[in-house]
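Here's the letter readout for the chains.
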Amino acid sequence: MTLTAPDPTVEGAARVAVPRTWLMCRPEHFTVEYRINPWMHPEHPTDTSRALAQWQRLHDLYVELGHDVRLIDPEPGLPDMVYAANGGFTIDGIAYAPRFAHPERAGEAPAYSRWFADNGFRLVEAAETNEGEGDFLLVGDTILAGTGFRSSNSSHEEVGRVFDREVVSLELVDPRFYHLDTALAVLDPVTPAVGAPNIAYLPGAFDDRSRAELERRYPDAVLVSDEDAVWLGLNCISDGYNVVIAERATGFEASLRERGYNPIGVDLSELLLGGGGVKCCTLELRY
Ligand code: ARG
């Protein structure tokens, strides 16, 4: 792991790490006991202590990188609660509550909603099915919104009304990449210091219309291969300079380095058994 300053000889040397605030949930009750995405195999054993150790390293890395990490208490009987990204979507001190597509995760919504209300957010309940930052990603001032598997099209309209932001609907077509955050990553935070924010994505995860829209809006995007995406490489967290990614996504790692980012590989193989990676475990809190 390298935590060094940017190399001034490479493209994008001016990249700056911007401190962020994230919410995480210890995988104390993590296991795979139902199947709501193709990664999950309840017939295969999971190792909760291994999940805890891998998660702890991710948590400690964020702290070491200077970020503020808040915690929500895990609840028994909610094994997917570790995937905090699905717990909501926040901008400007407003938290839009999730409404899960599958009944197995429905109990997480009140837990996360309570946390937001107790921690200084104005909570907006959702009428429409949506899985929070799993399907809503803020790029600059625009919300990219995924649909096709979990969050509904009507939730895209709802999130646009709640935050009064432009929403771009993107249709996901590959069941392995069922949340937008498994198919697309935001590389730059919202700050004028870094200029126009850029993204990375797996072209094959989107229908033709959505792919054309992404090409038009983000001509400099990093295009990621299937080989990197299958480790949930795109399910990463960037602070504008450091990009925490699945260590097995080596092609993506090289592209990031070429562009002046500092990729840092982590092993979340146990949490991959539930169909989640780095980003799934991390919800951005924008106060
Ligand atoms: N087992 C969880 C589910 O299928 C994984 C959620 C992953 N989260 C994410 N933000 N992609 O709902």
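This text goes with the structure placed above it.
Here the structure is a predicted model, which is why all the values come from computation and not from measurement.

Peer 1: What am I meant to see in the pairing of strand β14 (residues 262-266) here?
Peer 2: Looking along a regular strand, one sees the side chains alternate between the two faces of the sheet. When you tally the buried positions in β14, you get four out of five residues, the bulk of the element. The pairing of strand β13 (residues 242-246) with β14 spans five bridges and is classified as parallel. Opposite Val-244, over in β14, you have Ile-264 as the bridge partner. With helix α6 (residues 250-258) bridging β13 and its parallel neighbour β14, the resulting β-α-β unit is right-handed.

Peer 1: For this particular structure, what's the right way to read the pairing of strand β1 (residues 21-24)?
Peer 2: Side chains of β1 alternate between two faces, with Thr-21 and Leu-23 and Trp-22 and Met-24 buried alike. Bridge count between β1 and strand β2 (residues 68-71): four bridges; the pairing is parallel. Across the sheet, residue Met-24 finds its bridge partner in β2, namely Leu-71. What joins β1 to β2 is helix α1 (residues 48-64), and the crossover it makes is right-handed.

Peer 1: Teacher, can you tell me more about the sheet that holds strand β7 (residues 142-147) here?
Peer 2: The strands making up a sheet associate through backbone hydrogen bonding, with each pair oriented either parallel or antiparallel. The three strands are arranged β6-β7-β8 in an open sheet whose pairing can be described as mixed. Across the chains shown, the open sheet's two edge strands, defined by having one partner strand only, are β6 (136-139) and β8 (167-171). Ignoring strand direction, the axes of neighbouring strands in this sheet form an average angle of 25°. Strand direction decides the pairing type here: β6 and β7, joined by four bridges, are antiparallel. Note on β7: the bridge partner recorded for Val-139 is Thr-142. Sheet strands touched by helix α3 (residues 153-163): β6, β7 and β8. Its angle to β7, the strand with the most contacts, is close to 160°.

Peer 1: Sorry if this is basic, but what is going on with the site of the ligand here?
Peer 2: Taken together, 17 residues lie around the ligand, and Asn-37, Arg-105, Asp-181, Gly-274 and Cys-280 are the ones closest in. At 2.9 Å from a nitrogen atom of the ligand is found a side-chain nitrogen or oxygen belonging to Asn-86. Between the ligand and the protein, one listed contact pairs a nitrogen atom with a side-chain N or O atom of Asp-181 at 2.8 Å. Under a 2 Å grid-point criterion requiring more than half of the atoms, the pocket assigned to the ligand is the second largest cavity. Of the residues in the shell around the ligand, the class split is six nonpolar, seven polar and four charged.

Peer 1: Explanation requested: the packing of aromatic side chains in the structure shown.
Peer 2: Centre-to-centre distance and the angle between the planes together describe a pair of aromatic rings. For the structure on display, the rule yields nine aromatic pairs. With centroids separated by 5.6 Å and ring planes inclined at 80°, the aromatic side chains of Phe-116 and Phe-121 adopt a geometry described as edge-to-face. According to the relative accessible area criterion, Phe-116 is buried, its value standing at 0%. Following the ring pairs from residue to residue traces out a cluster consisting of Phe-89, Tyr-96, Phe-136 and Phe-163. One cation-aromatic arrangement involves Arg-15 over Tyr-261; the distance from NZ or CZ to the ring centre is 3.9 Å.

Peer 1: Looking at this model, I keep getting lost on the sheet that holds β13. Mind explaining?
Peer 2: The three strands are arranged β12-β13-β14 in an open sheet whose pairing can be described as mixed. Strand pairing shows two members of the sheet lacking a second neighbour, β12 (237-238) and β14, which therefore form its edges. Alignment of β12 against β13, held across two bridges, turns out to be antiparallel. Each bridged residue has a counterpart across the sheet, and for Ile-237 the counterpart in β13 is Val-244.

Quick notes on the rules
- Every chain is numbered independently, its residues counted from 1 as its sequence is written.
- Under the rules for a predicted model, residues below a pLDDT of 70 receive no local features and side-chain atom pairs below 80 are neither given nor counted, while totals for whole chains, interfaces and linings still include all residues.
- Hydrogens and waters are ignored; side-chain quantities use all the structure's heavy atoms.
- Think of it in three bands: with a 1.4 Å probe and only protein chains considered, a residue is buried below 20% of the maximum accessible area for its type, exposed above 50%, and partly exposed in between.
- Numbered from the N terminus, helices here are DSSP runs of H or I no shorter than four residues, and strands are runs of E no shorter than two.
- Two strands qualify as a pair provided that DSSP identifies no fewer than 2 bridges between them.
- Handedness of a crossover is defined as follows: with both strands directed away from the viewer, a clockwise route from the first strand across the helix to the second makes it right-handed.
- In this analysis an axis means a line fitted to C-alpha atoms, helices contributing only their contacting stretch, and an angle means the value between N-to-C directions, from 0 to 180 degrees.
- By the convention used here, residues are in contact when the closest approach between their heavy atoms is within 4.5 Å.
- Nearness of a residue to a molecule or strand requires only that one of the residue's heavy atoms be within 4 Å of it.
- Here a polar contact means two N or O atoms within 3.5 Å. Within protein one must be a hydrogen donor candidate and the other an acceptor candidate, and residues neighboring in sequence count only if both atoms are side-chain atoms.
- Points on a 1 Å grid over protein atoms alone make up a cavity when a 1.4 Å probe fits among them but cannot get out, and a pocket when they form an open set with protein on both sides within 12 Å along at least five of seven lines; lining residues each have an atom within 4 Å of a point.
- Think of it this way: a molecule belongs to a cavity or pocket when more than half its atoms come within 2 Å of the grid points there.
- When residue character is reported, Ala, Val, Leu, Ile, Met, Phe, Trp, Tyr, Cys and Pro are called nonpolar, Asp, Glu, Lys and Arg charged, and the others, Gly included, polar.
- Stacked, edge-to-face and tilted labels apply to pairs of Phe, Tyr and Trp rings (six-membered ring for Trp) whose centres lie within 6.5 Å, assigned for plane angles under 30 degrees, over 60, and everything in between, in that order.
- Each ring is checked for a lysine NZ or an arginine CZ that lies within 6 Å of its centre and within 35 degrees of its normal; such an atom marks a charge sitting over the ring.

Shape descriptors only; they carry no functional weight alone.
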